[in-house]
Amino acid sequence: MSRIDAEKKSQAAAKLFLESELYKTSRQLMLYMPLGNEVDLIKVKNVALADGKRVVLPVTERNSGIITPICVDEEIVFAKGNFSVMEPQSTDIADMARTDVVLVPGIAFDKSGARVGFGKGCYDMLLERYNGIKIGVCYDFQLQSEIQAEEHDIKMDFLLTESGLKKCED
């Protein structure tokens, strides 16, 4: 996919999320910084901060894969972190119990919310004790009819693509 196509589809997905009740009713949300051509949610971060919401971004420890959720603001400085992802340079750790929505990237998802990530289980470890709403974010072409989830894999509640925000099917 070209960079231009990725940008157009990212803008469409961001717009759909920003118009949703899930966004409107959230007070604190966790996003991610895109890697390569992943759906880019920078617009969501900027609008959420302007709307007075708390925004959380992940910092991932390379060896353990543990994600530390970090609160960010408009002044935050970013640096390339582990796995070549831009990470916030802050020590303001977020309380995940106060996080209403977590948007999760993935390589592929299916309609039940099963997810294929990069294989380290970083998000699964973060989400195993999280009780809020989990939204898998991808492009339409990354939706599969079925993914063989493993026992430790955490399923998403909703899927967001450039063509819609849909509740996962049981």
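You'll find the structure just up there.
Attention now goes to the layout of surface pockets. As a volume, the largest pocket reaches approximately 610 Å³. Lining the largest pocket are 28 residues, with Arg-115, Gly-117, Phe-118, Cys-122 and Tyr-123 sitting closest to its centre. Among the secondary structure elements, those contributing two or more residues to the lining of the largest pocket are strand S2 (54-60), strand S8 (115-116) and helix H4 (122-127). The element that contributes the greatest number of residues to the lining of the largest pocket is H4, accounting for 3 residues. When the residues that make up the lining of the largest pocket are grouped by side-chain class, the tally is 14 nonpolar, 7 polar and 7 charged. Computed from the structure, the second largest pocket encloses a volume of approximately 180 Å³. Taken together, Ile-66, Ile-67, Thr-68, Pro-69, Met-96, Met-125, Leu-126, Glu-128, Arg-129 and Tyr-130 make up the full set of residues lining the second largest pocket. The set of elements that each furnish at least two residues to the lining of the second largest pocket consists of strand S3 (67-72) and H4. Here the element with the most residues in the lining of the second largest pocket is S3; it accounts for 3 residues. A breakdown of the residues in the lining of the second largest pocket according to their chemical character gives 7 nonpolar, 1 polar and 2 charged.

We now examine the pattern of salt bridges. Two side chains carrying opposite charge are able to pair once their charged atoms lie near each other. Tallying each qualifying case throughout the model produces 3 salt bridges. Lys-15 is the partner of Glu-19 in a salt bridge, and the nearest nitrogen-oxygen pair spans 2.7 Å.

Another aspect to go through is the pairing of S3. Burial runs high along S3: 5 of the 6 residues are buried. Relative to S3, S2 runs antiparallel, the two being bridged by 6 bridges. Within the sheet, the bridge partner assigned to Pro-58 lies in S3 and is Pro-69. The hairpin formed by S2 and S3 contains 6 residues between the paired strands, and Gly-65 there has a positive phi angle of roughly 80°.

Rules used in this analysis
Residues numbered from 1 in each chain as written. Predicted model: local features only at pLDDT ≥ 70, side-chain atom pairs only at ≥ 80, totals over all residues. Heavy atoms only, no water. 1 Å grid on protein atoms, 1.4 Å probe; cavity = no way out; pocket = protein on both sides within 12 Å on 5 of 7 lines; lining within 4 Å. Points joined across faces, edges and corners; volume = space filled by probe spheres on them. Helix = DSSP H or I, 4+ residues; strand = E, 2+ residues; numbered from the N terminus. Nonpolar A, V, L, I, M, F, W, Y, C, P; charged D, E, K, R; others polar. Salt bridge = Lys/Arg side-chain N within 4 Å of Asp/Glu carboxyl O. Buried < 20%, exposed > 50% of the residue type's maximum accessible area, 1.4 Å probe, protein only. Pairing = 2+ DSSP bridges.

The values are spatial; any link to function lies outside them.
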